[in-house]
Amino acid sequence: MAKYSYRGSRKYPTEESVINEIQRRYTEGLPLNYNAIKSADDTLMIRCRTLFGNYAHAVEAAGIPYNSIKKNRLKAVECGHEFERVLSGLLKELGISYRRMSHGKHRPDFTFKNGVWADAKLNHSRVINCQSPTLREYNAVCRNLIIVYLIGPDEDRVYGKTRLMHVNRYIKQLPKHRQSFYLRKFASISEKVENSTAA
């Protein structure tokens, strides 16, 4: 048991280092719910338990009400579903055909005819830092993966089998009068996400 409690002590040697990391994630708008931290940085979770007794106490010590994180997570999930719905409409309007289907235990948001999978993500930072379970799991089994994100730099990059692209890359393919419709929709979702992380 002693060996377990020292795991992560180099990365987070003190209570202050744990608090600083939680506050950094909070300011950057990264998810702070228990499952997100456990999957993104298990050593942080271990140090929270070792130094503070549990994760909730560490979050409270960082000056963030733990209940707000739980509420924010639900709001983020709701915004994620809304982003996926609006993106679905955008793809249809562009004439990009897709199917909603499961591939064993994997269920990408969109499967295109050429066997490429696509997933909608609210924020690119979690994906770009390779913290996304989607990226790790899907890349192992799909032909190619497209991650379409809402919040992050307006760019289109390829990393191995994965293409990360801002939703604006699709919007720009529409006539001007339709672009403004989708820009308003996506701006509204972004605002909800921002308000939920600032709450």
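Rules and cut-offs
- Each chain carries its own residue numbering, running from 1 in the written order of its sequence.
- Only residues with pLDDT of at least 70 are given local features in this predicted model, and only at 80 or more are side-chain atom pairs given and counted; all residues enter the totals for whole chains, interfaces and linings.
- Only heavy atoms go into the side-chain values, all of them from the structure, while hydrogens and water stay out.
- Should DSSP find at least two bridges between two strands, the strands are regarded as paired.
- Only DSSP runs of H or I with at least four residues qualify as helices, and only runs of E with at least two residues qualify as strands; both kinds are numbered from the N terminus onward.
- Only rings of Phe, Tyr and Trp enter the pairing, Trp through its six-membered ring, and a pair is recorded when the two centres are within 6.5 Å. The plane angle decides the type: under 30 degrees is stacked, over 60 is edge-to-face, the rest tilted.
- For a lysine, the NZ atom is tested; for an arginine, the CZ atom; a charge sits over a ring if that atom is within 6 Å of the ring centre and within 35 degrees of the ring normal.
- One less than the number of residues in a helix, times 1.5 Å, gives the span that helix is expected to have.
- Think of it in three bands: with a 1.4 Å probe and only protein chains considered, a residue is buried below 20% of the maximum accessible area for its type, exposed above 50%, and partly exposed in between.
- What we call a nonpolar core is a set of buried Ala, Val, Leu, Ile, Met, Phe, Trp, Tyr and Cys residues that are connected through their side-chain atoms within 4.5 Å.
- Any two residues having at least one pair of non-hydrogen atoms within 4.5 Å are treated as being in contact.
- One number per residue, pLDDT, summarises how confident the predictor is, and it ranges from 0 to 100.
- The term salt bridge refers to a pairing of a side-chain nitrogen on Lys or Arg with a carboxyl oxygen on Asp or Glu at a separation within 4 Å.

### Thoughts on the sheet that holds strand S1 (residues 98-99)
Read from one edge to the other, the open sheet built from six strands follows the order S1-S2-S3-S4-S6-S5, with strand pairing classed as mixed. Two strands lie at the open edges of the sheet, namely S1 and strand S5 (156-159), each paired on one side alone. Two elements, S5 and strand S6 (residues 162-166), share four bridges in a ladder whose sense is antiparallel. Within S6, the position partnered with Tyr-159 by the bridge is Thr-162.

### Focus: the packing of aromatic side chains
Counted under the stated rule, the structure contains six aromatic pairs. Aromatic pair Phe-181 and Tyr-182: ring centres 4.9 Å apart, planes at 85°, arrangement edge-to-face. A connected cluster of aromatic rings, assembled from ring pairs, spans Phe-83, Phe-181, Tyr-182 and Phe-186. Sitting above the plane of the Phe-181 ring, Arg-178 keeps its charged end 4.4 Å from the centroid.

### Overview of helix H2 (residues 15-27)
Taking 1.5 Å per residue as the helical rise, H2 with its 13 residues ought to reach 18 Å, and the 18 Å between its terminal C-alpha atoms agrees with that figure. Every buried residue of H2 is listed here: Ser-17, Val-18, Ile-19, Glu-21, Ile-22 and Arg-25. Residue Gly-29 follows H2 closely and has a positive phi angle near 75°.

### Examining the nonpolar core
Residues Phe-83, Leu-87, Leu-90, Val-167, Phe-186 and Ile-189 are the most contacted members of the largest nonpolar core, which totals 26 residues. Elements that contribute at least two residues to this core include exactly helix H6 (66-93), strand S2 (110-112), strand S3 (117-123), strand S4 (145-151), helix H9 (168-171) and helix H10 (176-198). With six residues, the single largest contributor to this core is H6. Not counting residues within four places of it along the chain, the set of residues in contact with Phe-186 comprises Phe-83, Val-86, Leu-87, Leu-90, Leu-150, Val-167 and Ile-171. In terms of nonpolar packing, the next biggest core, distinct from the first, is built from 17 residues, Ala-58, Val-59, Tyr-66 and Ile-69 among them.

### A word on the confidence of the model for the chain
Low-confidence regions, as indicated by low pLDDT, have predicted coordinates that should not be scrutinised in detail. Across the chain, the average pLDDT comes to 85, with 87% of residues at or above 70. When the elements of the chain are averaged for pLDDT, helix H1 (residues 2-6) gives the smallest value, 47, and H9 the largest, 96.

### Digging into the pattern of salt bridges
Working definition: two side chains of opposite charge can pair if their charged atoms are close together. One pass over the structure, following the stated rule, counts 10 salt bridges. Across the pair Glu-93 and Arg-178 runs a salt bridge whose closest N-O atoms are separated by 2.6 Å. In this pair, Glu-93 sits in helix H6 while Arg-178 sits in helix H10, placing the two residues 85 residues apart along the sequence. For Glu-93, a relative accessible area of 34% puts it in the partly exposed group.

### Section: the pairing of S3
A large share of S3 lies buried, amounting to six of its seven residues. With two bridges connecting them, S2 and S3 associate as antiparallel partners. The residue of S3 that forms the bridge with Phe-110 is Ala-118. Joining the antiparallel neighbours S2 and S3 is a turn of four residues, in which Gly-115 adopts a positive phi near 85°. One ladder, built from six bridges, connects S3 with S4; its direction is parallel. Bridged to Ala-120 within S4 is Val-148.

### Things to note about the pairing of S4
Across the seven residues of S4, seven count as buried, placing the element largely inside the fold. With five bridges joining them, S4 and S6 adopt parallel strand pairing. Following the sheet pairing, Ile-147 is matched in S6 by Leu-164.

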